[in-house]
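# Structural characterization, general
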Amino acid sequence: MGIREGSNGPFVIETQDVTVDVASVVAVTALDTAVLVPKALVGDGILVTPQGVWPAGLTAPQGRCLVAGTVQVRVANVTAGAIDPVSQTMRFTLIHDAP
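Right, let's get into the overall build of the protein. For the protein, the count of helices and strands is 0 helices and 7 strands. Counting from the amino terminus, helix and strand elements in the protein follow one another as β-β-β-β-β-β-β. When each of the 99 residues of the protein is scored for burial, the buried share is 37%. Restricting the contact set of the protein to residue pairs at least 6 apart, pairs at least 24 apart contribute 71%. Here the protein has roughly 5,700 Å² of accessible surface; of this, 58% comes from carbon and sulfur atoms. The average position of the 5 basic charges and that of the 8 acidic charges among the side chains of the protein differ by 2 Å.

A separate point is the nonpolar core. Within the largest apolar cluster, 19 residues are counted, with the highest numbers of intra-cluster contacts made by Val 37 and Phe 92. The residues touching Phe 92, leaving out its near neighbours within four places in the chain, are Glu 14, Thr 15, Gln 16, Val 18, Val 20, Val 35, Val 37, Ile 46, Leu 47, Val 48, Val 71 and Val 73.

What follows deals with the pattern of salt bridges. Counted under the stated rule, the structure contains 3 salt bridges. One salt bridge connects Arg 91 with Asp 17, and the closest N-O pair in it is separated by 2.7 Å. Taken together, the positions of Arg 91 in strand 7 (residues 88-97) and Asp 17 in strand 2 (residues 9-20) put the pair 74 residues apart, joining distant regions of the chain. Arg 91 gets classed as partly exposed once you look at its relative accessible area, which sits at 32%.

Right, let's get into the pairing of strand 7. With 10 bridges joining them, strand 2 and strand 7 adopt antiparallel strand pairing. Bridge pairing in strand 7 links Ile 13 to Ile 95. Looking at chain direction, strand 4 (residues 45-50) and strand 7 are connected through 6 bridges and run antiparallel. Its bridge partner lying in strand 7, Pro 50 is registered against Met 90.

With respect to the helices, strands and loops of the structure, Gln 88 is situated in strand 7. Using a relative accessible area of 8% as the deciding quantity, one classes Gln 88 as buried. For Gln 88, the side chain forms a polar contact with the main-chain nitrogen of Gly 52, separated by 2.8 Å.

With that settled, consider unusual backbone geometry. The phi dihedral of Val 28 is positive, around 50°, even though this residue is not glycine. As for its position among the elements, Val 28 is in the loop between strand 2 and strand 3 (29-36). Take Val 28: its relative accessible area is 63%, and that puts it in the exposed class.

Reading guide: rules and limits
- Residues numbered from 1 in each chain as written.
- Predicted model: local features only at pLDDT ≥ 70, side-chain atom pairs only at ≥ 80, totals over all residues.
- Heavy atoms only, no water.
- Helix = DSSP H or I, 4+ residues; strand = E, 2+ residues; numbered from the N terminus.
- Buried < 20%, exposed > 50% of the residue type's maximum accessible area, 1.4 Å probe, protein only.
- Contact = heavy atoms within 4.5 Å.
- Areas by Shrake-Rupley, 256 points an atom, 1.4 Å probe, with all protein chains shown as cover.
- Lys, Arg positive; Asp, Glu negative; His and termini not counted.
- Charge placed at Lys NZ, Arg CZ, Asp CG, Glu CD.
- Core = buried A, V, L, I, M, F, W, Y, C linked by side-chain atoms within 4.5 Å.
- Salt bridge = Lys/Arg side-chain N within 4 Å of Asp/Glu carboxyl O.
- Pairing = 2+ DSSP bridges.
- Polar contact = N/O pair within 3.5 Å; in protein donor to acceptor, adjacent residues only side chain to side chain.

Structure below.
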């Protein structure tokens, strides 16, 4: 962690690794999973990176913080069959305005 200077002012980048178990995703649908990420704040820029093998046919996870401390992770299944990804560690990269 450290304060960095951007074109819109100072910001902080932090990472947290959290185990996430995304439920089975039905064919051609998207699924949201609530994940506790204690340092997440509403308005953060959030990158979600699986640390293990991510199944073909699922979109890369997207994250947004609707309530402080909880990130909504969305994945979509673009195939004709259900996909149930294994529980795994995901890295949450949080970009906030500097205090």
